[in-house]
Amino acid sequence: LQEAFHKMFRLTLAALALAVSASLSAQGTQPAASAFERLKAMEGDWIDVTGAFGTKGAVVATYKVTGAGNTVIETFPVNTPHEMTTVYHRDGSHVVLTHYCSGGTQPRMRAKEINGNVMLFDFDGGTNIDVARTSHMHNLRWEFVSKDEIKADWHNWANGKEDPAHLGRMHLRRKK
């Protein structure tokens, strides 16, 4: 009887440990899950609020959900010689991206912080990049102003340090 009690006690402890672990794991992915759902909700055409990328009010970005809902593809600035693609997806408890730049680099970034309406992405490797020399996008501040308005600041690096002269600032609204 005592052996049966100990076995039952160990099974109960194991089940409790598993439940706590699953709960903590789910909590750890929640900010990334919520942020990625917001990215997915951006599907459609977006216009340039400031005119920084051509004609003010023109469509400059498109967002498409693909990969059975696991990937968001951003195309920006559309229909220009410098059109670029950024692919966003989840990696466990993170949102990550690969930016296919018109400069021929492919920086990868990982959202190091997701706080409310803001995601801060940091450089996490890439192809065709020598960090000490190559000009490349290195970090990104993404802000969901509302479901129909976003702001993003893309920070470029050159020669191993931030290059403020090449800050890419987007302010977009959903095309109605």
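Just above, that's the structure.
What you see is a predicted model, and the numbers here were worked out from it, not measured in a lab. Residue indices begin from 1 for each chain and proceed along its sequence in written order. A pLDDT threshold of at least 70 governs which residues receive local features in this predicted model, and a stricter bar of 80 or more applies before side-chain atom pairs are shown or counted, although totals over entire chains, interfaces and linings include all residues. Derived side-chain values reflect all non-hydrogen atoms in the structure, with water molecules and hydrogen atoms excluded from consideration.

Visitor: Hey, could you go over the overall build of the protein for me, with residue numbers and the actual values?
Guide: Helix and strand assignments come from DSSP, with helices taken as H or I runs of at least 4 residues and strands as E runs of at least 2, each series counted from the N terminus. Helix and strand content of the protein: 1 helix and 11 strands. The order of helices and strands in the protein, counted from the N terminus, is α-β-β-β-β-β-β-β-β-β-β-β. Taking contacts inside the protein between residues at least 6 apart in sequence as the whole, the part at least 24 apart equals 36%. When the accessible surface of the protein is split by element, carbon and sulfur atoms take 55% of a total near 10200 Å². The contact rule is simple, with two residues in contact once any of their heavy atoms fall within 4.5 Å. All accessible areas in this document rest on Shrake-Rupley with a 1.4 Å probe, and a residue is counted as covered only by the protein chains that are shown.

Visitor: Report on the side chain of Thr71, specifying residues and quantitative values.
Guide: Residue position: Thr71 is located in strand β3 (residues 71-76). What makes Thr71 buried here is its relative accessible area of 18%. If sequence neighbours within four positions are ignored, Thr71 has contacts with Phe36, Lys64, Val65, Thr66, Val87 and Tyr88. Buried residues are those whose accessible area, probed at 1.4 Å on protein chains only, stays under 20% of the maximum for their type, while exposed residues exceed 50% and partly exposed ones sit between those limits.

Visitor: Run through the packing of aromatic side chains, naming residues and quoting values.
Guide: A pair of Phe, Tyr and Trp rings is counted when the ring centres sit within 6.5 Å of each other, with Trp represented by its six-membered ring. The angle between the planes then sorts it: under 30 degrees is stacked, over 60 is edge-to-face, the rest tilted. Applying the stated criterion across every chain, the model contains 6 aromatic pairs. Judged by centre distance (6.1 Å) and plane angle (80°), the ring pair of Trp46 and Tyr63 falls under edge-to-face. In this pair, Trp46 is assigned in strand β1 (residues 44-48) and Tyr63 in strand β2 (residues 59-66), connecting sequence segments 17 residues apart. Overall, the relative accessible area of 3% leaves Tyr63 in the buried class.

Visitor: Give a detailed account of the pattern of salt bridges, specifying residues and quantitative values.
Guide: Salt bridges, as used here, are contacts in which a Lys or Arg side-chain nitrogen is within 4 Å of a carboxyl oxygen on Asp or Glu. Tallying each qualifying case throughout the model produces 9 salt bridges. With a shortest N-O distance of 3.1 Å, Asp124 and Arg110 are connected by a salt bridge. With Asp124 in strand β7 (residues 118-127) and Arg110 in strand β6 (residues 106-115), this pair connects stretches of sequence that are 14 residues apart. The buried category is assigned to Arg110, whose relative accessible area is 16%. A salt bridge links Arg173 to Glu149; the nearest nitrogen and oxygen atoms lie 3.6 Å apart. Highlighted residues: Arg173 in strand β11 (residues 168-174) and Glu149 in strand β9 (residues 149-158), separated in sequence by 24 residues.

Visitor: Describe the pairing of β3, listing the residues and the values that go with them.
Guide: Of all 6 residues in β3, 5 are buried, a share of seventy percent or more. DSSP-based pairing: two strands are paired if at least 2 bridges between them are found. Pairing analysis gives 5 bridges linking β2 to β3, with the strands arranged antiparallel. Following the sheet pairing, Val65 is matched in β3 by Val72. Connecting β2 to the next strand, β3, in antiparallel fashion are 4 residues, including Gly67 with a positive phi near 60°.

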